[in-house]
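Each chain, letter by letter, is given below.
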Amino acid sequence: MLKNKSLVSISDLSDDDLNNVFLEADKMLDYINSSKKLDIMGSKILATLFYEPSTRTRLSFESAMQRLGGSTISMADSKTSSVSKGETLADTIRIIESYSDIIVIRHPLEGAAFLASKFSSKPVINAGDGSGEHPTQTLVDLYTIKKELGEINNKKITIMGDLKYGRTVHSLLMALTRYNVDVTLVSPENLRLSDYVYNELKNKLNITISDSLEKYINDTDVLYVTRLQKERFTDKNEYSKLIGSYRITAKETEKMKNNSIIMHPLPRVDEISPEVDSTDKAKYFKQASYGIPVRMALISMIAGD
Ligand code: CP
């Protein structure tokens, strides 16, 4: 049961919770496709509190709440709020909880969503905390695999990109420990998973680590690509050296097997060439669209009556 609970880590969800979110998301997708008006959230208000840029996460949460019949308030940019005057996160949360029924927060510091949940009597959803986690992106990712490939079990999943700083990868890997999958991690050596993340996962997940995609691409069901997380690099020279160090083009898609898919949490920079977009492998825009039914499901399960 998710009612009134915060979602800080993907580990906060039980296997049943995950399945129930996916079942509910299917119903929401039917509603969206039928253009029926829902009034599940009535007079409830969802607050989005974003200390970092976002397109998909913030707007899909707001769209989801409005599709459920609820309302939204937003701090889309901390520079235009009293955060710029020095207000602490704790004080901001104490105020926003009295203005809303559910709070969605993105923050550059790992642990910020957890802290927010401790200062809020209303449920808090982590929409990304630094390089930590992005649990609702993982719900969208898993839902996409289920919708596009039928099931998650018995799949070969290759995750390529910035595994060190990419929070979507951290939450996704934690979630994949619940399934029978083979995971291959491909990245430049400097961007491999941090030891603390790897050590947490290594006994729970069948993981292969490589710096080359070539050996794995023709046997992959899901190729999950992430961008270099430019904003997390403390050494900008290191970032500059890594630009262009991996890229998926039409040449790579031709090596992929039938029914395999390419996913990306987006935004994309240059790690997937635009020519890939028109291939049947490209599912990243579909993946982003699933953000609406999945977040509708989550909001209604957490904050619905
Ligand atoms: N996938 C994702 O978190 O996208 P945004 O940064 O645009 O929210």
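Keep in mind that what you see is a predicted model, and the values were worked out from it rather than measured.

**Q** Tell me about the domain arrangement of the protein chain, and please be specific about residues and values.
**A** If you check the domain split of the protein chain, you get domain 1 (10-133 + 290-303) and domain 2 (135-288). Spacing between the C-alpha centres of domain 1 and domain 2 amounts to 25 Å. Counting residues at the interface gives 34 residues for domain 1 and 28 residues for domain 2. In this assembly, domain 1 packs against domain 2 so that about 2,600 Å² is buried in total across both faces, 57% of it on carbon and sulfur atoms. It is I10, F22 and Y290 in domain 1 that bury the most area against domain 2; as a group they hold 31% of the surface buried on that side. The tally of links from domain 1 across to domain 2 stands at 4 salt bridges. The shortest N-O distance in the salt bridge between R167 and E52 comes to 3.1 Å. Counting across the interface, domain 1 meets domain 2 through 20 residue pairs in polar contact (both at pLDDT 80 or more). Sorting the residues of the side of domain 1 that touches domain 2 by element identifies α1 (15-34), α2 (56-67), β3 (102-107), β4 (124-129) and α11 (291-303) as the ones contributing at least two each. Among the elements that take part in the side of domain 1 that touches domain 2, α1 stands out by supplying 7 residues, more than any other.

**Q** Tell me about the sheet that holds strand β1 (residues 45-50), and please be specific about residues and values.
**A** Pairing is parallel across the open sheet formed by 4 strands, whose spatial order is β2-β1-β3-β4. The strands lining the two open edges of the sheet, one partner per strand, are β2 (71-75) and β4. On average, each strand axis in the sheet is inclined to that of its neighbour by 15°, with strand direction left out of account. Bridge analysis of β1 against β2 gives 5 bridges, and the strand direction is parallel. Of the residues in β2, the one forming a bridge with L46 is T72. Sheet strands in contact with helix α4 (residues 112-119) are β3 and β4, and its direction is about 160° off that of β4.

The rules we used
Residues numbered from 1 in each chain as written. Predicted model: local features only at pLDDT ≥ 70, side-chain atom pairs only at ≥ 80, totals over all residues. Heavy atoms only, no water. Domains from an automatic or database assignment. Contact = heavy atoms within 4.5 Å. Buried area = accessible area lost by both parts, 1.4 Å probe. Salt bridge = Lys/Arg side-chain N within 4 Å of Asp/Glu carboxyl O. Polar contact = N/O pair within 3.5 Å; in protein donor to acceptor, adjacent residues only side chain to side chain. Helix = DSSP H or I, 4+ residues; strand = E, 2+ residues; numbered from the N terminus. Pairing = 2+ DSSP bridges. Axes fitted to C-alpha atoms, helices over the stretch in contact; angles between N-to-C directions.

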